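# What the coordinates show
Below are the chains, spelled out letter by letter.
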Amino acid sequence: MRRVFATLCLPLFLFACSDSDNTFNPNPEPPDPPPAGPTFAADIVWTEFGIPHVTAEDWGGLGYGYGWAYSTQNYCVVMAEFVRSAGESARYLEDGDLSLDLVMKLYNDDERIERIFIDALPDYLRELAEGYVAGINRYLRDTGVDNLAEGEEGCRDADWVREVDLYDLGRLLHKRILRGSADPLADLIVAAEAPDTVAAARVLPSKEPLRQVAALDPVETREALGLPSTDMLGSNAYAVGAEAVQGGNTGLLFGNPHFPWQGPDRFYMSHLTIPGEYDVMGAALHGLPLVVLGFNKDLAWSHTVSTGDRFTFYELTLNPEDPLQYEYDGEFRDLEPITVSAEVRNNDGSVSTVEHTFWNTHNGTVVDLGAINALLGGWPNAVGSIVAYRDANLDNLRGIEQWLRMGQAENLGELKAELRVIGIPWVNTIAADRFGDAFYGDISTIPHVSSDKQNNCVRGLLQNLLTDGGFITMDGSDSDCEWGQDEGAPPGVFGYDSLPSLDTREYGANANDSYWLSNPRQLLEGFPQVIGLERIEQSKRTRLTFVQAEERLAGSDDLGEPLYSNETVRQSLNSARNYPAELILTDLVADCEAVADWSAYSSDPAAVAEACGILSAWDTRHTIDSTGGHIFYEFWRIANDVDELFAVAFDPADPVNTPNTLNTGNADVMEAVRQALADGVQALLDNSIPLDLPWGEVQFDEKDDERTPIHGGSGSMLHSVITSSLIDGEGYSSIRHGNSYIQAVSWDESECPDANAILTYSQSTDPASDHYADATRLYADSGWIDMPFCEADRDAQEIDRVSIEE
């Protein structure tokens, strides 16, 4: 009856509303559309220590809110990284790097970024990325270049500040992925210069000098190549299962990346939410539009830098008649020239354009290895060849979607399924869930070079020399030496099932040594060298990582009842134990006190004797109130290189506890130890550092003329890492690397994870921000942020709230 009534009334309604001439218009003008809604919209709640909680109804809004919130605290840092990623640093930045610029021009060109990023993104990730750059640009428009941050990392009034787009973001992300390969190798890639003439290439030096080159030290070779060491990129992490957690019901995750304290390799904390679709809290490196290590309601994960190689070298045999051709399967192929240009600001302020030609093979770009040894450089080198490098992470942006989907995982099984994408570029993954499962895996992007392939394809003098030095180099003239392929894996890299991993209900851990020791009762063996080395001595930091775990399981430390809790895993870090000191300090002090006169070792024997007394009372910790750590550190910098320092040698059957015991029975060793102590004391005296200062007065961070004492110390000794340089008259006041975003996550019967975290250097790089140093002061007091994941906890910590749209 209601429908009939509506039909009968329709003509009457039309008649009553008709024009004055009572003429019915069958084609009326359509009404104006309702006002369009915003393209991007987000709500942001700021909680203590400057953590933004961004909530949006869609991916574009989430990216927009996050990009804007991040920019309010660190805009200039990401803008400078956009400049570097575009190959414009020598034109605009004081620390510009022309070699890196040229390499970015080569590997971050528009065509590549379109192919691997813009055109490859699924719709929802494209929306996230578009929103992220729009949020960054919104902050710039609202603030203006003349009101941007000042300070060491500021950019107020800088001529390189501009709005950015998806190409800029793609270039930044690709540069991040190449952090373990093309980025640090830039000087070697640029150094490869083709000869001007055939005759020049025929003038070959003798091969004999290369035969005289001693075996290459892997650490020194890595430094020569410019690759980051664990002094610049490192980490510790524990994944603890129910069997090792007090209560025995849930898992626990502890993660502590050791990253720079300045620049774009810092972390930034956030909480990103699309209701019902994505809800993750944690941290990301500056410029990344999503959380890359963190936690959700049921799962937590962290990363540690892995030992896996990201590239291999190929030795190429040149055509004796044409140095721009190389042999491949019995035929000669042309090297492909690619010329790029970059701008450079000269000392007088003018700008010049520099052109450079790179030379590509089907397996990558030609490099010059003269930085390792002059005989390895040149075109050709001492054995008449050239070397190309193939990069497994070139064109790899798979990790962006992978990290996002990891954040959506509800348990370890789902997280491991996402790891099968093999997009993570250069880190291990350590994870635990509320159901009591724990996981370690080096599921990262690693060239598919099996042990058989390495054995068959590393041939000749140069290839063996480089491979023994830690960098696999194969015969580039033979197609049998191409990288292999696993079913379902990206081209040329190992798949999930070929990579080392550990599933456990006890614990797994990593501190940047290889996968081999991830649990002392479940050693992982039988993997190719390209992934890592097995049955070798572990670093002191790795050993302490496992010593602490084994003591915690037994309850033999000073932290109370056995097994882990969220509190005890944090206390382990804050204890700042020095493992070499635990191994040798008693014997060192005994020998020190037995020396009646230090005149044979030092020009200030009284100072060395004083140091002996201070060390005898030292608690072997690097907490801020502990006294003596700086004496031992300067001693250890020297003594660590003494041959046969330990009486008990490394035993692969006991990698956690060997080597050990100061070799007091060896007179030559003890002479070297005494001299190391005297020289260490002298280093402190030469820098006007009193011997009896507590650690917090020797190591500190200074912001706004305020010194904040910093606990922790060198990664050569401690699990709690702070890398700093000794400054004359100050101490270890130049902190450049170490503990960064640290998180401890566990669960109980509630829906809310029990998460505690700290960002050691604080959220903001803007000296005017309230969050420029607040978390640093909290860290100095061994404090932690109670991470407010659930809404009620968030609201209880709220310090500000804003809604933004565009």
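Data block above holds the structure.
Residues numbered from 1 in each chain as written. Predicted model: local features only at pLDDT ≥ 70, side-chain atom pairs only at ≥ 80, totals over all residues. Heavy atoms only, no water.

Over the atoms rolls a probe the size of a water molecule, and in doing so it shows where empty space is left. This structure, assessed with the given rule, holds three cavities of 30 Å³ or more. Here the largest cavity is characterised by a volume of approximately 220 Å³. Along its surface, the largest cavity is lined by 18 residues, and Leu285, Val292, Trp403, Trp426 and Val427 are the ones closest to its centre. Those elements that provide at least two residues to the lining of the largest cavity are helix 7 (166-177), strand 8 (299-305) and helix 12 (398-408). Looking at side-chain class alone, the lining of the largest cavity contains 14 nonpolar, three polar and one charged residues. By volume, the second largest cavity is sized at about 70 Å³. Taken together, 14 residues make up the lining of the second largest cavity; nearest its centre are Val367, Asp368, Gly378, Ile386 and Val387. (1 Å grid on protein atoms, 1.4 Å probe; cavity = no way out; pocket = protein on both sides within 12 Å on 5 of 7 lines; lining within 4 Å. Points joined across faces, edges and corners; volume = space filled by probe spheres on them. Helix = DSSP H or I, 4+ residues; strand = E, 2+ residues; numbered from the N terminus. Nonpolar A, V, L, I, M, F, W, Y, C, P; charged D, E, K, R; others polar.)

Right, let's talk about the packing of aromatic side chains for a bit. Applying the stated criterion across every chain yields a total of 26 aromatic pairs. Measuring from ring centre to ring centre gives 5.7 Å for Phe295 and Phe789, while their planes differ by 45°; the resulting arrangement is tilted. One end of the pair, Phe295, is in strand 7 (residues 293-295); the other, Phe789, is in the loop between strand 29 (785-786) and helix 24 (791-796), with 494 residues separating them in the sequence. Seen from their ring centres, Tyr515 and Phe527 are 5.2 Å apart, and the 70° between their planes marks the pair as edge-to-face. Highlighted residues: Tyr515 in the loop between strand 20 (507-510) and helix 16 (540-554) and Phe527 in the loop between strand 20 and helix 16, separated in sequence by twelve residues. An aromatic cluster of three or more residues is present, and its members are Tyr66, Tyr70, Tyr132 and Tyr268. A cation sits over an aromatic face here: Arg570 above Trp784, 5.6 Å from the ring centre. Its end group placed over the ring of Tyr772, Lys703 keeps NZ or CZ at 4.8 Å from the ring centre. (Phe/Tyr/Trp six-rings, centres within 6.5 Å; stacked < 30°, edge-to-face > 60°. Lys NZ or Arg CZ within 6 Å of the ring centre and 35° of its normal.)

A few words now on the layout of surface pockets. Size it by volume and the second largest pocket reaches roughly 530 Å³. Every residue lining the second largest pocket is counted, 24 residues in all, and those nearest its centre are Leu100, Lys175, Arg179, Asp183 and Asp265. Those elements giving two or more residues to the lining of the second largest pocket turn out to be helix 2 (59-85), helix 7 and helix 8 (186-191). In terms of residue class, the lining of the second largest pocket is built from eight nonpolar, five polar and eleven charged.

So, about the pairing of strand 4 (residues 252-260). For strand 4, the buried fraction is high: nine of the nine residues fall into the buried class. Relative to strand 4, strand 3 (residues 234-240) runs antiparallel, the two sharing seven bridges. Residue Asn236 lies in a different strand from strand 4, and its bridge partner there is Asn256. Bridging between strand 4 and strand 26 (residues 731-739) involves three bridges; their strand directions are antiparallel. Across the sheet, His258 pairs through a bridge with Asn739, a residue of strand 26. (Buried < 20%, exposed > 50% of the residue type's maximum accessible area, 1.4 Å probe, protein only. Pairing = 2+ DSSP bridges.)

Turning our eyes to something else, we now look at the sheet that holds strand 8. Strand order in the open sheet formed by ten strands is 19-17-16-8-7-6-5-2-1-30, with mixed pairing between adjacent strands. Looking at the sheet topology across the chains shown, the edges are occupied by strand 19 (501-504) and strand 30 (798-805). For this sheet, the mean inter-axis angle between neighbouring strands, taken without regard to orientation, is 20°. Two elements, strand 2 (residues 51-55) and strand 5 (residues 267-274), share three bridges in a ladder whose sense is parallel. In the sheet register, Val54 faces strand 5, and the bridge partner there is Leu272. This element, helix 12, spans strand 6 (278-285), strand 8 and strand 16 (427-433) of the sheet and lies at about 145° to strand 8. (Axes fitted to C-alpha atoms, helices over the stretch in contact; angles between N-to-C directions. Contact = heavy atoms within 4.5 Å.)

This paragraph deals with the packing of helix 18 (residues 579-594) against helix 20 (residues 629-639). One can describe the packing of helix 18 onto helix 20 by two numbers: an axis separation of 12 Å at closest approach and a directional angle of 95°. With respect to each other, helix 18 and helix 20 are oriented roughly perpendicular. Here Pro580, Ala581, Ile584, Leu585 and Leu588 of helix 18 lie close against helix 20, whose contacting residues are Phe632, Phe635 and Trp636. Taken together, the residues of the contact of helix 18 with helix 20 break down into eight nonpolar, no polar and no charged. (Parallel < 35°, antiparallel > 145°, perpendicular 65-115°, else oblique.)

The next thing to look at is the pattern of salt bridges. Here the structure, examined in full by the defined rule, presents 47 salt bridges. Arg577 is the salt-bridge partner of Glu551, the closest N and O atoms lying 2.9 Å from each other. Here Arg577 lies in the loop between helix 17 (566-574) and helix 18 and Glu551 lies in helix 16, a separation of 26 residues in the sequence. Between Arg794 and Asp795 there is a salt bridge whose closest N-O contact spans 2.9 Å. (Salt bridge = Lys/Arg side-chain N within 4 Å of Asp/Glu carboxyl O.)

For the structure on display, the rule yields four disulfides. Here Cys457 engages in a disulfide with Cys481; their sulfurs sit 2.2 Å apart. Looking down the S-S bond of the Cys457 and Cys481 bridge, the torsion is -90°, so its handedness is left-handed. Linking Cys457 in helix 14 (residues 451-457) with Cys481 in the loop between strand 18 (473-475) and strand 19, this pair joins segments that are 24 residues apart in sequence. One disulfide in the model links Cys752 with Cys790; its S-S distance is 2.0 Å. Taking the sign of the S-S torsion, about -120° here, the bridge from Cys752 to Cys790 comes out left-handed. Of this pair, Cys752 sits in the loop between strand 27 (741-746) and strand 28 (754-759) while Cys790 sits in the loop between strand 29 and helix 24, and the two are 38 residues apart along the sequence. Shown here for the chain is a disulfide pattern of 1-2, 3-4, 5-6, 7-8, where each number marks a bonded cysteine counted in sequence order. (Disulfide = S-S within 2.5 Å.)

This next bit is on the pairing of strand 1 (residues 41-47). Of all seven residues in strand 1, five are buried, a share of seventy percent or more. Relative to strand 30, strand 1 runs antiparallel, the two being bridged by seven bridges. Paired with Ala41 across the two strands is Glu805, which belongs to strand 30. Here strand 1 pairs with strand 2 via five bridges, running antiparallel. Paired with Ile44 across the two strands is Val54, which belongs to strand 2. In sequence, strand 1 turns back onto strand 2 through a hairpin of three residues, with Phe49 there showing a positive phi of about 70°.

Checked against the element boundaries, Glu81 lands in helix 2. Of note is the side chain of Glu81, whose polar atom sits 2.9 Å from the side chain of Lys175. The residues contacting Glu81, other than those within four sequence positions of it, are Leu172, Lys175, Arg176 and Pro264. (Polar contact = N/O pair within 3.5 Å; in protein donor to acceptor, adjacent residues only side chain to side chain.)

For helix 13 (residues 412-419), the set of buried residues is Leu412, Leu415, Glu418 and Leu419. Down the axis of helix 13, the sector holding all buried residues measures 120°, keeping them to one side. Its buried side turned inward, helix 13 meets strand 8, helix 12, strand 16 and strand 17 (438-441). Between the side-chain oxygen of the N-cap and the backbone nitrogen of Gly413 there are 3.0 Å, and the N-cap of helix 13 in question is Asn411. (Arc of directions from axis to C-beta.)

Okay, a negative patch on the surface next. Among the surface-exposed residues, Asp43, Glu57, Asp58, Asp123 and Glu127 lie close enough to one another that they form a single negatively charged patch. Residue classification places Asp58 among the partly exposed residues on the basis of a relative accessible area of 35%. (Patch = residues over 30% accessible without salt bridge, like charges linked within 9 Å, V, L, I, M, F, W, Y side chains within 5 Å. Areas by Shrake-Rupley, 256 points an atom, 1.4 Å probe, with all protein chains shown as cover. Lys, Arg positive; Asp, Glu negative; His and termini not counted. Charge placed at Lys NZ, Arg CZ, Asp CG, Glu CD.)

We now examine the environment of Tyr107. Summarising the element assignment, Tyr107 is placed in helix 4 (residues 98-107). Distance from Tyr107 to Leu178, taken between C-alpha atoms, is 9.7 Å for residues 71 residues apart in sequence. Here Tyr107 is in contact with Arg112, His174, Leu178, Ala182, Ile189, Thr365, Tyr389 and Leu394, once residues within four sequence places are set aside. A distance of 2.6 Å separates the side chain of Tyr107 from the side chain of Thr365, its partner in a polar contact.

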